[in-house]
Amino acid sequence: MTQDNAQTSTPETEAPAKKEREAACILCGKCASVCPVFLATQKEELTPKAKQRTIASLKENTQKLNVTDCNKLAEMCLSCGKCAQTCPQGLNFPRQLAAMRSAHSGWRQWVWNRWVNQGSVLWPMLSTLSKAAPDSKGKNEATRFVQSLQAMHSQKDFPTYVQIAHYDKENAKGQRVLLFSGCTANRVQKSWKHKSETILTNLGYELLSAKDFTCCGLTLDHAGVPDAAHKSRMQNLRAWRAAERPLLVTFCATCYLGLAEYAHDESLDWAEGEQEAWTNALRPLSTLWGNSLFTVDTPAHLFIRYHQPCHWHGKDADYAWLKEVLYDEISAPDSASCCGMGGIAQLGNRKLTRTVASRCWENLLQQPPKKDDSIPCYSKPMGNCLCDLYDDEDEDSLELCDEVVPDYLVITGCSGCTLQLRGTAPVHNGEKIKVGHWLDIIEP
Amino acid sequence: MSQLSLPQRRFLRDLFSDADCLLTPEEMVVFEADASRLEGTPLAVVRPSTDEQIIELMRWAHKERIPLYPRARATNVVGLCVPQKPGIVVSTLKMDSILEVDSDDFIARVQPGVITGDLQKRVEQEKLFYPPDPASLGISTIGGNVATCAGGMRALKYGVTREWVLGCKAILPGGKTITCGGRNHKNVVGLDLLRLLTGSEGTLAFMTEITLKLIPKPESTASILAGFANLEEALHAIKIMFKAGMLPAALEFMGPEVLTALKNAGAVPWPDTVTASLLLRFDGSHQALKADLEKAEAIFKACNVLWSTTGMGKEEEEALWDVRRSINPASFKVAPNKFSDDVTVPRGRLLEAVTGIRSIAENHSLPILTFGHVGDGNIHVNIMHDASDADELARAKKAKKEISDFVLSLQGTLSGEHGVGLVKAPYVHLQLSETERSLMRQIKHIFDPHNIMNPGKAF
Ligand SMILES: Cc1cc2nc3c(=O)[nH]c(=O)nc-3n(C[C@H](O)[C@H](O)[C@H](O)COP(=O)(O)OP(=O)(O)OC[C@H]3O[C@@H](n4cnc5c(N)ncnc54)[C@H](O)[C@@H]3O)c2cc1C
Ligand code: SF4
Ligand code: SF4
Ligand code: SF4
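Residues numbered from 1 in each chain as written. Chains lettered and ligands numbered in written order. Predicted model: local features only at pLDDT ≥ 70, side-chain atom pairs only at ≥ 80, totals over all residues. Heavy atoms only, no water.

1. Quick word on the overall build of chain A
Part 1 of the argument: What chain A contains, in helices and strands, is 19 helices and 13 strands.
Part 2 of the argument: In chain A, buried positions account for 52% of the 444 residues.
Part 3 of the argument: Sequence-distant contacts in chain A: of pairs separated by 6 or more residues, those separated by 24 or more amount to 74%.
Part 4 of the argument: Counting only carbon and sulfur atoms, one obtains 49% of the accessible surface of chain A, whose full area is about 20,700 Å². (Helix = DSSP H or I, 4+ residues; strand = E, 2+ residues; numbered from the N terminus. Buried < 20%, exposed > 50% of the residue type's maximum accessible area, 1.4 Å probe, protein only. Contact = heavy atoms within 4.5 Å. Areas by Shrake-Rupley, 256 points an atom, 1.4 Å probe, with all protein chains shown as cover.)

What follows is the structure, encoded as structure tokens:
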């Protein structure tokens, strides 16, 4: 146990009271199998388990370990939260790390400098951070960065394969909604916001003005700037209250997680029953379709691969819906792997986020497994294989199939993942693989 | 030895890249311990990725008399990866390729660091099946599973890891390579070295390649979770089921203390009157499964079942099996420390064993959880205690010893699957005679004359 036992009385003087069980790492190793940093490196010293053991050792015996080196190991984290989801002891390394960071003097200056210089995928959140910037540089600088990011990332020629044939207005019944678009959509990818607004309106919702919303605060929290995070949360909570607590809709897994965590944040000035109301009001956009109908038109030889954002923590409403609409046209890698976006890790450890990203791409570019009862196809490409046309021909027609090189399109449901994957997309068939949010392939 | 000499360090640095040769205490913290939570002192950690590196390492360590500790995911719970005598930890995690899956020969050839669950997924794509399923299948490796002869829930129908190993390539201290078995499903030439290595707990040789047997994948599965008023009725129901000619793929049992622990850790689906519960899984064709479930339900009904629920196919079954999976975390809410034993008794003596263990628990006023793979007589016994309380610790130790003696008196074994390692080494003499143990030591000596492979473990 890592707790200090200074206050515990000796057994002779007092019957041993049942101590509060401190959550301590039991070294079961479950977290290793989900940690993207470990999976991309196979280095056991980078597992959450190792990080927990390091923290425990530091508490017990500061002599043994060199604190700076321990910090370096600890920083090898992408804040994906997967370890916390898996740990039977409920240990949450990214949270511990954030606390360690915010306790560190000089940290804020470091964050600001790095964010400005290196954190391009984090720039959308920069303007929020700028309010808490350690010096007077501020908003203007932030705006400049966001503009350059817009230039880098906006993808206009995105093919829209999904049309909406019929909007089901049954569920909406004119309910009022606030759309929480998040920093990235607001600043870099306005089309997501516009499409979502159109969808919500067509589904029969009454759209309220969301101009008072700011960043959800999640990234700021992980970055170890809790006061800035707290301010953002308060502002969002007030905006929701001012709108009389309507439905709160997001289309980004990370925003969803960021908002969902509000309900567990006791430092917000919740009124009685309000936490529950908040949780109930929060909806992923993809759960609002009801019985709407879609027409799908995808080219042959296209693999639409879905990247599962870590922040859904396994309960991905987007993919469930996409599967319904696109059926076998869309597939996801066997095991979800992190894109390496990693929030704050972008600032300290670009190399790590790249390593993790390459593993993610490896998985994404695998060919989807055969359908269960399909007739075996002896060539590599799946889906609309030319074999079908040459079924009755003799052997050598099979070789035709090998000539068919599939195209890939990657879609996801998180703003951060989209930017990270766009930034790291490899070239395939002479072209950079296109990456988009699922809203990109929809024509509302 | 408490430190490597400079030339020794240089040797390791030359043989391994910087990223795969750890020498600082900060990087090595996690390698001090494994899931047993016992601790030792790693002098260095290396991560070979080729056979050549291992050969060279084994040659050198043999000459230098430096202990080597093969380590995979370190999920074993008996201290098998703990460098109790200071030595070099050899991580197998970079040797993680599935070398081939051959659906004509019905074999898979893998490197030792492949995660068992990953291999299963891979062979299932070809409609093949690798049955051993330790609960740790998603977090442990084939190498670790073979070295500990891991068992799982499906052992009842399919046996343990040993039954599925056809061959292996291993490197001996000194650097010689041996090949045991191969890709034949039958093979009787020579003494069976393969069986010797299987379950040898890393004490004889370093395995670099393993060939496993596969079978066609059963079409589907179905499960039933049932609650009974007491232990006797639950175990009686099992007896009747076997007598009726049914052989489930898995049959798990959870005793009264486990159900209480589960209830305290979260909501449970059964009513309060249930104090013992059974969890069964069948596999086979869809039609057969439907019939199996009906038959099992009828038998349970005749045996006074209080509550039951069924699931057809993986998705439906998950919720049922989640219950079983939450035992381990729930156990730590009962007390911070546990001695976990996985004793096994002949299948017919199960009731006797569980009742006896519970009365030992009562005598020492300790919470002892009993659950496990009852179908094959394997009972997990968790003796929960608070090690910071001297009296409680002493009672726990005493109970552990009594349970060992008791299990042996039923012609059982001290470990069905977790192995001996450091944790059970002090008790081995209770089960094995001096003649047998001396024979084992001599065999070890032939493989490893300087005792460098995982010293101090197993026997
Ligand atoms: C949550 C949990 C559930 C578990 N459930 C089960 C269960 O149901 N059934 C069961 O049997 N066990 C179970 N275990 C124990 C453990 O998972 C098994 O013992 C497993 O086989 C260990 O695999 P590993 O990859 O972690 O190996 P490690 O623990 O790293 O190593 C185990 C042994 O294998 C040796 N070894 C590893 N690779 C090699 C190699 N290449 N050459 C030579 N020796 C080698 C090591 O030296 C060591 O002695 C469980 C453990 C946990 C934490
Ligand atoms: S948050 Fe993600 S990257 Fe960080 S330790 Fe946990 S699993 Fe690994
Ligand atoms: S899952 Fe939790 S308890 Fe298990 S090793 Fe990881 S941090 Fe430790
Ligand atoms: S989760 Fe959304 S709102 Fe929060 S920082 Fe990221 S983009 Fe901004």
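2. Quick notes on empty space enclosed by the protein
Residue and element names in this part refer to chain A.
Part 1 of the argument: A complete count under the given rule lists five cavities of 30 Å³ or more for this structure.
Part 2 of the argument: The volume enclosed by the second largest cavity comes to roughly 120 Å³.
Part 3 of the argument: At three residues, helix H2 (residues 48-60) tops the list of elements feeding residues into the lining of the second largest cavity.
Part 4 of the argument: Tallied by class, residues from the lining of the second largest cavity come to 11 nonpolar, three polar and two charged. (1 Å grid on protein atoms, 1.4 Å probe; cavity = no way out; pocket = protein on both sides within 12 Å on 5 of 7 lines; lining within 4 Å. Points joined across faces, edges and corners; volume = space filled by probe spheres on them. Nonpolar A, V, L, I, M, F, W, Y, C, P; charged D, E, K, R; others polar.)

3. What to know about the site of ligand 1
Part 1 of the argument: Near ligand 1, the surroundings consist of 33 residues, among which Pro70, Ala74, Thr75, Ser136 and Gly151 of chain B are the closest.
Part 2 of the argument: Nearby residues place ligand 1 at the junction of chains A and B.
Part 3 of the argument: Contact distances for ligand 1 include 2.6 Å between an oxygen atom and a backbone N or O atom of Pro70 of chain B.
Part 4 of the argument: Separating an oxygen atom of ligand 1 from a side-chain N or O atom of Thr141 of chain B is a distance of 2.7 Å.
Part 5 of the argument: When ligand 1 is considered free in solution it has 990 Å² of accessible area, and contact with the protein chains removes 96% of it.
Part 6 of the argument: When contributions to the shell around ligand 1 are tallied by element, the ones reaching two or more residues are strand E3 (68-71), helix H5 (142-148) and strand E10 (206-213) of chain B.
Part 7 of the argument: Element by element, the count of residues in the shell around ligand 1 is highest for H5 of chain B, at five residues. (Near = heavy atom within 4 Å. Polar contact = N/O pair within 3.5 Å; in protein donor to acceptor, adjacent residues only side chain to side chain.)

4. Quick notes on the environment of Pro36 of chain A
Residue and element names in this part refer to chain A.
Part 1 of the argument: Position of Pro36 relative to the elements: it lies in helix H1 (residues 36-41).
Part 2 of the argument: Pro36 sits in the buried class, given a relative accessible area of 5%.
Part 3 of the argument: For the pair Pro36 and Glu261, spaced 225 residues apart in sequence, the C-alpha to C-alpha distance is 22 Å.
Part 4 of the argument: Ignoring sequence-local partners within four residues, the contact set of Pro36 consists of Leu78, Cys80, Cys338 and Val356.

5. Notes on the environment of Asp168 of chain A
Residues and elements named next belong to chain A.
Part 1 of the argument: Examined against the element boundaries, Asp168 turns out to sit in the loop between strand E1 (162-166) and strand E2 (176-180).
Part 2 of the argument: A relative accessible area of 7% means that Asp168 is categorised as buried.
Part 3 of the argument: Spatially, the C-alpha atom of Asp168 lies 6.1 Å from that of Leu203, the residues being 35 residues apart in sequence.
Part 4 of the argument: In contact with Asp168, other than residues within four places in its own chain, are Leu203, Trp289, Gly290, Asn291 and Ser292.
Part 5 of the argument: Within the local environment of Asp168, its side chain forms a polar contact with the backbone nitrogen of Glu170, the two atoms lying 2.9 Å apart.

6. Structural notes on the interface of chain A and chain B
Part 1 of the argument: Counting from both sides, the interface comprises 34 residues of chain A and, opposite them, 39 residues of chain B.
Part 2 of the argument: Counting every contact that joins chain A to chain B gives eight residue pairs in polar contact (both at pLDDT 80 or more).
Part 3 of the argument: If you tally residues by element for the side of chain A that touches chain B, the top one is H2 of chain A, at five residues.
Part 4 of the argument: Residues that form the side of chain A that touches chain B fall into these classes: 13 nonpolar, eight polar and 13 charged.

7. Brief notes about the sheet that holds strand E5 (residues 282-284) of chain A
Residues and elements named next belong to chain A.
Part 1 of the argument: The strand order across the open sheet built from four strands is E3-E2-E4-E5, with neighbouring strands paired in parallel fashion. Looking at strand neighbours, the two that pair on one side only are strand E3 (206-207) and E5, the edges of this open sheet.
Part 2 of the argument: Across two bridges, E2 lies against E3 in parallel orientation. Bridge pairing links Val177 to Leu207 in E3.
Part 3 of the argument: Its contacts with the sheet put helix H13 (residues 253-260) on E2, strand E4 (247-250) and E5, and the angle it makes with E5 is roughly 165 degrees.
Part 4 of the argument: Contacts from helix H14 (residues 274-281) reach E4 and E5, with the element oriented near 15 degrees to E5. (Pairing = 2+ DSSP bridges. Axes fitted to C-alpha atoms, helices over the stretch in contact; angles between N-to-C directions.)

8. What to know about the domain arrangement of chain A
Residue and element names in this part refer to chain A.
Part 1 of the argument: Annotation of chain A at the domain level lists domain 1 (26-105), domain 2 (162-287) and domain 3 (293-443).
Part 2 of the argument: Between domain 1 and domain 2, the C-alpha centre-to-centre distance is 31 Å.
Part 3 of the argument: Facing six residues of domain 1, the contacting portion of domain 2 comprises six residues.
Part 4 of the argument: Buried surface at the junction of domain 1 and domain 2, both sides included, amounts to about 410 Å², of which 55% is carbon and sulfur.
Part 5 of the argument: Taken together, domain 1 and domain 2 are joined by zero salt bridges.
Part 6 of the argument: Counting across the interface, domain 1 meets domain 2 through zero residue pairs in polar contact (both at pLDDT 80 or more). (Domains from an automatic or database assignment. Buried area = accessible area lost by both parts, 1.4 Å probe. Salt bridge = Lys/Arg side-chain N within 4 Å of Asp/Glu carboxyl O.)

9. Here we look at the domain arrangement of chain B
Residue and element names in this part refer to chain B.
Part 1 of the argument: In terms of domains, chain B is made up of domain 1 (98-216), domain 2 (220-328) and domain 3 (335-418).
Part 2 of the argument: Placing a centre on the C-alpha atoms of domain 2 and another on those of domain 3 gives a separation of 22 Å.
Part 3 of the argument: If you look at the interface, domain 2 gives 16 residues, while domain 3 gives 16 residues.
Part 4 of the argument: Counting each side, the surface lost to burial between domain 2 and domain 3 is near 1,400 Å², with a carbon and sulfur contribution of 64%.

10. Section: helix H11 (residues 313-325) of chain B
Residues and elements named next belong to chain B.
Part 1 of the argument: When the terminal C-alpha atoms of H11 are compared, their 18 Å separation across 13 residues agrees well with the 18 Å that a helix rising 1.5 Å per residue should span.
Part 2 of the argument: The principal kink in H11, of about 40 degrees, is found at Ala319.
Part 3 of the argument: Within H11, burial applies to Gly313, Glu317, Leu320, Trp321, Val323 and Arg324. (Expected span 1.5 Å × (residues − 1). Bend = angle between axes of the 7 residues up to and from the residue.)

11. A closer look at a nonpolar patch on the surface
All names here are of chain B.
Part 1 of the argument: On the surface, a nonpolar cluster with roughly 300 Å² of combined accessible area is contributed by Leu191, Leu193 and Leu196.
Part 2 of the argument: Along the polypeptide, Leu191 turns up in the loop between strand E9 (177-181) and helix H7 (193-197).
Part 3 of the argument: Judged by relative accessible area, which is 79%, Leu191 ranks as exposed. (Patch = residues over 30% accessible without salt bridge, like charges linked within 9 Å, V, L, I, M, F, W, Y side chains within 5 Å.)

12. Examining the state of the cysteines
Part 1 of the argument: Applying the stated criterion across every chain yields a total of zero disulfides over all chains.
Part 2 of the argument: For Cys81 of chain B, which is in no disulfide, the shortest distance to another cysteine sulfur is to Cys28 of chain A and amounts to 14 Å. (Disulfide = S-S within 2.5 Å.)

13. Quick word on the sheet that holds strand E8 (residues 330-331) of chain A
All names here are of chain A.
Part 1 of the argument: With parallel pairing, the four strands of this open sheet are ordered in space as E8-E7-E9-E12. Whereas interior strands pair on both sides, the edge strands pair on one side only; in this sheet they are E8 and strand E12 (434-437).
Part 2 of the argument: In terms of strand pairing, strand E9 (residues 407-412) meets E12 through four bridges, oriented parallel. Bridging across to E12, Thr412 finds its partner in His437.
Part 3 of the argument: Across the sheet, helix H17 (residues 350-364) lies against strand E7 (302-307), E9 and E12, angled at about 135 degrees from E7, the strand it touches most.

14. A short note on helix H1 (residues 6-15) of chain B
Residues and elements named next belong to chain B.
Part 1 of the argument: Considered for burial, the residues of H1 that qualify are Gln8, Phe11, Leu12 and Leu15. One face of H1 carries all of its buried residues, which in axial projection span an arc of 95 degrees. Across H1 from its buried face, at more than 90 degrees, point the exposed residues Leu6, Pro7, Arg10 and Asp14.
Part 2 of the argument: The secondary structure elements touched by the buried residues of H1 are strand E1 (21-22), strand E2 (42-46), helix H3 (51-64) and strand E4 (87-91). (Arc of directions from axis to C-beta.)

15. Some remarks on the site of ligand 2
All names here are of chain A.
Part 1 of the argument: Within the structure, ligand 2 sits among 13 residues, and Cys35, Cys77, Leu78, Cys80 and Cys83 are positioned closest to it.
Part 2 of the argument: Of all the secondary structure elements, the ones that give two or more residues to the shell around ligand 2 are H1, H2 and helix H5 (93-103).
Part 3 of the argument: The residue makeup of the shell around ligand 2, split by class, is 10 nonpolar, two polar and one charged.

16. Section: the nonpolar core
Part 1 of the argument: Membership of the largest hydrophobic core comes to 74 residues, with the highest contact counts inside it found for Trp278, Leu285, Trp289, Ile411 and Trp438 of chain A.
Part 2 of the argument: Sort the elements by how many residues they give to this core and helix H15 (residues 317-326) of chain A lands first, with five residues.
Part 3 of the argument: There are two domains that each give this core at least three residues, and those are domain 2 (162-287) and domain 3 (293-443) of chain A.
Part 4 of the argument: If we ignore the near neighbours within four places in the chain, the residues touching Trp278 of chain A are Leu237, Trp240, Leu248, Leu259, Tyr262, Ala263 and Trp270 of chain A.
Part 5 of the argument: Ranked by size, the runner-up nonpolar core spans 43 residues in total, among them Val345, Ile357, Ile379 and Ile383 of chain B. (Core = buried A, V, L, I, M, F, W, Y, C linked by side-chain atoms within 4.5 Å.)

17. Quick notes on unusual backbone geometry
Part 1 of the argument: Even without glycine at this site, Glu244 of chain A takes up a positive phi of about 65 degrees.
Part 2 of the argument: Among the structural elements, Glu244 of chain A can be located in the loop between helix H12 (226-242) and E4.
Part 3 of the argument: Judged by relative accessible area, which is 60%, Glu244 of chain A ranks as exposed.
Part 4 of the argument: Of note, Asn304 of chain B is a non-glycine position whose phi angle comes to about 65 degrees, a positive value.
Part 5 of the argument: Tracing the backbone through its elements, the reader meets Asn304 of chain B in the loop between helix H10 (286-302) and strand E15 (307-312).

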